[in-house]
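Working through the structure, step by step
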Amino acid sequence: MNIVNLFKIALKALSNNKMRGFLTMLGIIIGVASVITMLAIGQGSKNSIKNQIGEMGSNMIMIQPGADMMRGGARQSASSMETLKLVDYESILNETRFVSAVSPTVNSAGQFIYGPNNTPSTIYGVSPDYLEIRRLSIGDGSMFTQQDIIAASKVCVVGKTVVDKLFPNGENPIGKVIRYNKIPFSIIGVLKSKGFNSMGMDQDDMVLAPFTTIQKRVLAITHLQGMTASAVKEEYSEQAINEISELLRRNHKLKPGVEDDFNIRSMEEMLTTISSVMNMLTLLLGSVAGISLLVGGIGIMNIMYVSVTERTREIGLRMSIGAKGRDILAQFLIESILISVTGGLIGVLFGGGLSLLITLAAGFTTYVQPWSVILSFVVCTFTGVFFGWYPAKKAAQLDPIDAIRYE
Amino acid sequence: MEKNNKQTDKTVIRLECITRNFVVGDETVHALRDVSFSIQEGEFVTIMGSSGSGKSTLLNTLGCLDTPTSGEYYLDGVSVRTMGKNSRATLRNRKIGFVFQSYNLLPKTTAIENVELPLMYNPSYSSSARKQKSIDSLVAVGLGDRLNHKSNQMSGGQMQRVAIARALVNDPAVILADEATGNLDTRTSYEILVLFQRLHVEGRTIIFVTHNPEIAHYSSRNIQLKDGRVVDDTRNEHVLSATEALANLPVDED
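This one's a predicted model, so the numbers in the text were calculated from it and none came from an experiment.

Secondary structure summary: chain A contains 13 helices and 10 strands in total. At 33 Å, chain A has a C-alpha radius of gyration far larger than the 22 Å of a compact globule built from 407 residues. The dimensions of chain A, computed from C-alpha atoms along their principal axes, are 105 × 60 × 40 Å. Relative to its 407 residues, chain A shows a buried fraction of 49%. The contacts of chain A with a sequence gap of at least 6 include a subset with a gap of at least 24, amounting to 78%. Split by element, the accessible area of chain A, about 19300 Å² in all, is 62% carbon and sulfur. Side chains of chain A carry 36 positive and 32 negative charges; the gap between the two charge centres is 6 Å.

Our next topic: the packing of aromatic side chains. All told, the structure shown has 11 aromatic pairs over all chains when counted by the stated rule. Where B:Phe98 meets B:Phe100, the ring centres are 5.4 Å apart and the plane angle is 5°; that geometry is what we call stacked. Judged on exposure class, the residue B:Phe98 and its partner B:Phe100 are both buried. Members of the aromatic cluster, each reached through a chain of ring pairs, are A:Phe382, A:Phe386 and A:Phe387. Positioned above the aromatic ring of A:Tyr305 is the side chain of A:Lys394, whose terminal nitrogen or guanidinium carbon lies 4.9 Å from the ring centre.

Mapped onto the secondary structure, B:Asn212 falls in the loop between strand E8 (206-210) and strand E9 (221-226). The sequence separation of B:Asn212 and B:Thr181 amounts to 31 residues, and the corresponding C-alpha distance is 9.4 Å.

Counting residues in hydrophobic clusters, the biggest one holds 66 residues, and the most contacted among them are B:Ile13, B:Ile47 and B:Leu75. In terms of residue count, the dominant contributor to this core is helix H11 (residues 325-362) of chain A (nine residues). Counting 54 residues, the second largest nonpolar core, distinct from the first, contains A:Tyr114, A:Leu136, A:Leu224 and A:Ala240.

So, about the sheet that holds strand E1 (residues 11-24) of chain B. Residue and element names in this part refer to chain B. In space, the four strands of this open sheet follow the order E2-E1-E4-E5, with antiparallel pairing throughout. The open sheet has two edge strands, strand E2 (27-40) and strand E5 (78-79), and neither has a second partner. Two strands pair when backbone bridges link them, and E1 and E2 are joined in this way by 10 bridges, in the antiparallel orientation. Pairing of Leu15 across the sheet is with Phe37, part of E2. In the packing of helix H1 (residues 55-62) onto the sheet, contacts are made with E1, E2 and strand E4 (70-75), and the angle to E2 comes to roughly 55°.

Now for the domain arrangement of chain A. For chain A, the domain assignment lists domain 1 (3-52 + 273-404) and domain 2 (67-260). One C-alpha centre belongs to domain 1 of chain A, the other to domain 2 of chain A, and the line joining them spans 56 Å.

Consecutive side chains along a regular strand alternate between the two faces of the sheet. Residue and element names in this part refer to chain B. In this structure, E9 lies alongside strand E10 (residues 229-235), joined through six bridges in antiparallel fashion. Along E10, the bridge assignment pairs Lys226 with Arg229. From the end of E9 to the start of E10, which pair antiparallel, there are two residues, and Asp227 there has a positive phi angle of about 50°.

Let us now look at unusual backbone geometry. If a residue is not glycine, its phi is most likely negative; likewise, a peptide bond is most likely trans. Even without being glycine, A:Lys253 reaches a positive phi, approximately 55°. Examined against the element boundaries, A:Lys253 turns out to sit in the loop between helix H8 (237-251) and strand E10 (262-266). Of note in this structure, B:Asp227 is not a glycine but carries a positive phi near 50°. Relative to the helices and strands, B:Asp227 resides in the loop between E9 and E10.

Before going further, it helps to spend a moment on the interface of chain A and chain B. Each partner contributes residues to the interface: chain A has 24 residues there, and chain B has 27 residues. Of the roughly 2400 Å² buried between chain A and chain B, counting both surfaces, carbon and sulfur atoms make up 53%. Together, A:Leu317, A:Ile321 and A:Ile401 form the three largest contributors to the area buried by chain A at its contact with chain B, with a combined 22%. Our count for the contact surface shared by chain A and chain B stands at two salt bridges. B:Asp178 is the salt-bridge partner of A:Arg405, the closest N and O atoms lying 2.9 Å from each other. Summed over the shared surface of chain A and chain B, the result is 12 residue pairs in polar contact (both at pLDDT 80 or more). Only helix H1 (3-15), helix H10 (312-320), H11 and helix H13 (400-404) of chain A provide two or more residues apiece to the side of chain A that touches chain B. Sorting elements by how many residues they give to the side of chain A that touches chain B places H10(A) first, with six residues. Of the residues contributing to the side of chain A that touches chain B, the split by class is nine nonpolar, six polar and nine charged.

In the predicted model, chain B carries a mean pLDDT of 90, and the fraction of residues at 70 or more is 96%. A low-confidence stretch, residues 1-5 of chain B stays under pLDDT 50, and its non-local contacts, those more than four residues away or across chains, total 11 contacts.

Rules and cut-offs
- For every chain, the first residue of the written sequence is number 1, and numbering continues from 1 onward in sequence order.
- In the order they appear in the text, chains get letters beginning with A and ligands get numbers beginning with 1.
- The predicted nature of this model means local features are confined to residues of pLDDT at least 70 and side-chain atom pairs, given and counted, to a pLDDT of 80 or more, with totals for whole chains, interfaces and linings taken over all residues.
- Hydrogens and water are ignored here; the side-chain numbers use all heavy atoms of the structure.
- In this description a helix means any DSSP run of H or I spanning at least four residues, a strand means any run of E spanning at least two, and both kinds are numbered starting from the N terminus.
- Radius of gyration means the value over C-alpha atoms here, while the globule rule gives 2.2 Å times the residue count to the 0.38 power.
- The classification of residues rests on relative accessible area computed with a 1.4 Å probe and restricted to protein chains. Under 20% of the type maximum is buried, over 50% is exposed, and intermediate values are partly exposed.
- Two residues form a contact once any of their heavy atoms are found within 4.5 Å.
- Per-residue and other accessible areas were derived by the Shrake-Rupley procedure at a 1.4 Å probe size, with only the shown protein chains allowed to occlude residues.
- Positive: Lys, Arg. Negative: Asp, Glu. His and the chain ends are not part of the count.
- Throughout, a charge is located at the NZ atom of Lys, the CZ atom of Arg, the CG atom of Asp or the CD atom of Glu.
- Note on ring pairs: Phe, Tyr and Trp rings are taken, using the six-membered ring of Trp, and paired if centres are within 6.5 Å. Classes follow the plane angle, with under 30 degrees stacked, over 60 edge-to-face and the rest tilted.
- Two conditions define a charge sitting above a ring: the NZ of Lys or the CZ of Arg must be within 6 Å of the ring centre, and it must be within 35 degrees of the ring normal.
- Joining through side-chain atoms within 4.5 Å is the link that ties buried Ala, Val, Leu, Ile, Met, Phe, Trp, Tyr and Cys residues into a set, and such a set is a nonpolar core.
- Two strands make a pair as long as DSSP finds a minimum of two bridges between them.
- As a rule, the C-alpha atoms of each element are fitted with a line to give its axis, helices using only the stretch in contact, and angles between N-to-C directions run from 0 to 180 degrees.
- Where each domain starts and ends comes from a domain assignment, either automatic or drawn from a database.
- Buried area, as used here, totals the accessible surface that two parts lose on assembly, with accessibility defined by a 1.4 Å probe and the loss added over both.
- Salt bridge, as used here, is a side-chain nitrogen of Lys or Arg placed within 4 Å of a carboxyl oxygen of Asp or Glu.
- Each polar contact in these results corresponds to two N or O atoms within 3.5 Å; when the atoms are within protein, one needs to be able to donate a hydrogen and the other to accept it, and residues that are neighboring in sequence are counted only if both atoms are side-chain atoms.
- Think of it as three bins: nonpolar holds Ala, Val, Leu, Ile, Met, Phe, Trp, Tyr, Cys and Pro, charged holds Asp, Glu, Lys and Arg, and polar takes everything else, Gly as well.
- pLDDT is defined as a per-residue confidence score from the predictor, taking values between 0 and 100.

Have a look at this one:
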């Protein structure tokens, strides 16, 4: 008997019992839809974190003084170690191949005052390269220049949050002079707003000034609290780290075997860590959803089992008019596969729709991966075969003599 | 009733010393003991017997649903005893048409779809040939105007006609009817008998298993079973006409 006829027979049998077929399908629909949605949520949040890190600069490299490991006694705070010097900055700036930009960082947190308004924020002493490294850009006015660095000018570039706090009436902040630690800084530029990052930090709550100004006029130090750099490309982060590490060891005259007196971390590293956490989360969500798919499959087995008992006489008739055991087996298998695959198809659409709805309604980023759709489909077909097999086998093994007179 | 003129000498069924034993617990039940007879093409045979006489077992054997414990059974010249399940299924599909007491139509399925069912299991039929054969069959049983009626929209007599059409559709060597009028009222039973007699006249070989002695008057030969043995095998010289019997029935009041 050919497969086309078997399909016709199975389709006919299903259409005779539409409601039951649909209810059986419902288990699969919910299972597949939840697998798709959960994976979409998992992948979506992974992507959005990746994007946010990317916005911060996925090729960013952070260099801090102090060893990575604690050696015996109490660990000093990074900023109180004075191992990073201006000369280190200059070597990185001039002697590297894999580093595209580098900026010293010296920070100070405190109160900023303009007229009757004041706000707490952090002032970052940096070089003009900092904009490129952190993917920041100037909205209004301009960035300070190398000249300002040499002269340690009292100029600054402010973030949107600081502007809103200090100029609540919407005045143009450019050219205004704000005070920090009694030092007047004149505003020469305003940063374009970047909003909050994935860790909930306000990326607009900052003030940038020439690092020399902060070193000399604010902190009165000659060392650097840290440095931020960019690898030429994300993939070259590793090489860039090695290069910087070698330069710093040379500058600091560290003998082989002696531990680094600085530590370097890259965004790429963080990204890998976050990715693995997110993968774990996605797997967890997916497997919970997978269980509902399994329950849906058991639903198919249940219904097919009942169906075989209920249709014993039909099976007997089919056998007496010439259906072989394998024809009956195939018919019931095709029925259960049709239920599961149709359910899977509806489930994919439903899950896709649900993911879209979650994005629109809850603002979660979701991303339906093509492989999750294919996976659901394969799992569905497999479910149909697996859970349809036992009832179908039972049907095929019926004795036509008994089956035809079954009451 | 006119004599059937199409009866030939070709043997359709030949049973040689058929026995069939069932082991139930420690006991062996002898359902058939040394049954032998032949049926020629074009005969209309009734097989009668009370309950427990072995007629169901004989029907199952004739229908290739069961195989004898010993003895030989030739259907259309083919030995059935040694055949496997699958080849017997194919044999049933090509050589036998079943008509059951309870019709056994598929529910919620049209007459055509019910009738074409045997052909669905025969890959040599295309879907259009299948449809044409089914329509021809339904026309032959007088249901040409009920082609697309579903089984639950038909009366018992109509359903049995559909079942007969289904038994005819594969041009079987023999039609096996198992109490085919058992579920029907008197009038409808005669209508079905009329149909069987007409098929007989057309040259079909029919075996009608029943416990109703009246039906034997309308067949051309009667085989009587008792305790698994053939106790009587007589040719019926005075076949009654079911058409006349139907005409003589008192007209229903309602």
